[in-house]
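Architecture at a glance
Given next are the chains, with one letter for each unit.
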Amino acid sequence: MTSIEISKATHRVWIRAILMTLIAGLIAVSAFAHGPKGHGEQSFTALEAAKKGITLYDKLVAGGKLEESWETELSGIKVFSRSKENANEFVVQFDRGQGEPRSVYIFFDEKGAYSGSNFTGE
């Protein structure tokens, strides 16, 4: 074998190695493309409830449904799930430092549909 033939053979080996690496990478990426929830096994998460709750809360404050102190005195946000009437729901609780009532609650069903809001948490 001449040095040119060896060079071409080495070149082909490297090209094949690079192609195999790219193919393996594409397979791995496509396997994880659906995110941690997969193909719909879990319909709604606490993080999604928090995002939707904050969006709705912002609309309530901006629209004047909640007074300005709910924006300026906001002291904390909690997200938790609970069972109610044999169904699971997510609760997003917004607390403020001053004024009554101290908390407003926004509720979502386990599929993410808005199911109500109030100041009592009930």
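In this report, the structure presented in the accompanying data block is examined.

The subject of this paragraph is the environment of S69. Mapped onto the elements, S69 comes out in helix 3 (residues 69-72). Considering only alpha carbons, one finds S69 and G99, 30 residues apart in sequence, at a separation of 7.9 Å. Aside from chain neighbours lying at most four places away, what touches S69 is L74 and R96.

Moving on, we come to the environment of V92. Its place among the elements puts V92 in strand 2 (residues 87-96). The exposure class assigned to V92 is buried, which follows from its relative accessible area of 0%. With 35 residues separating them along the chain, V92 and Y57 place their C-alpha atoms 9.6 Å apart. Look past the residues within four positions of V92 in its chain and what remains in contact with it is A49, A50, G53, I77, K78, V79, V104, Y105, I106 and F108.

For the rest of this paragraph, the subject is the pattern of salt bridges. Applying the stated rule across the entire model yields four salt bridges. Ionic pairing is found between D95 and K78, a salt bridge with its closest N-O pair at 3.6 Å. Placement of D95 in strand 2 and of K78 in strand 1 (residues 74-84) is noted, with a sequence separation of 17 residues between them. Using a relative accessible area of 12% as the deciding quantity, one classes D95 as buried. Residue K78 is classed as partly exposed on the basis of its relative accessible area of 45%.

Spatially, the four strands line up as an open sheet ordered 1-2-3-4, and their pairing is antiparallel. Strands at the two margins of the open sheet, each flanked by one partner only, are strand 1 and strand 4 (114-118). Across the sheet, the mean angle separating the axes of adjacent strands is 15 degrees when strand polarity is ignored. Judged from the seven bridges that link them, strand 2 and strand 3 (residues 103-109) form a sheet pairing that is antiparallel. Paired with D95 across the strands is S103, a residue of strand 3. Helix 2 (residues 46-62) rests against strand 1, strand 2, strand 3 and strand 4 of the sheet, and its axis sits at about 50 degrees to strand 2.

Once that is clear, we can look at the side chain of S103. Topologically, S103 is positioned in strand 3. Polar contacts involving the side chain of S103 include one to the side chain of Q93, which spans 3.4 Å. Within polar-contact distance, the side chain of S103 engages the side chain of D95 at 2.4 Å.

Moving on, we come to helix 2. Look at helix 2: 24 Å from first C-alpha to last across 17 residues, which is about the 24 Å you get at 1.5 Å a residue. Taken residue by residue, helix 2 has A49, A50, G53, Y57 and V61 as its buried positions. The arc enclosing the buried residues of helix 2, seen along the axis, measures out at 95 degrees, which places them on a common side. For helix 2, exposure combined with an orientation more than 90 degrees from the buried face picks out K51, D58, K59 and A62. In the core, the buried residues of helix 2 are packed alongside helix 3, strand 1, strand 2 and strand 3.

Rules behind the numbers
Residues numbered from 1 in each chain as written. Predicted model: local features only at pLDDT ≥ 70, side-chain atom pairs only at ≥ 80, totals over all residues. Heavy atoms only, no water. Helix = DSSP H or I, 4+ residues; strand = E, 2+ residues; numbered from the N terminus. Contact = heavy atoms within 4.5 Å. Buried < 20%, exposed > 50% of the residue type's maximum accessible area, 1.4 Å probe, protein only. Salt bridge = Lys/Arg side-chain N within 4 Å of Asp/Glu carboxyl O. Pairing = 2+ DSSP bridges. Axes fitted to C-alpha atoms, helices over the stretch in contact; angles between N-to-C directions. Polar contact = N/O pair within 3.5 Å; in protein donor to acceptor, adjacent residues only side chain to side chain. Expected span 1.5 Å × (residues − 1). Arc of directions from axis to C-beta.

From the geometry alone we can't say anything about function, so treat these as descriptive.
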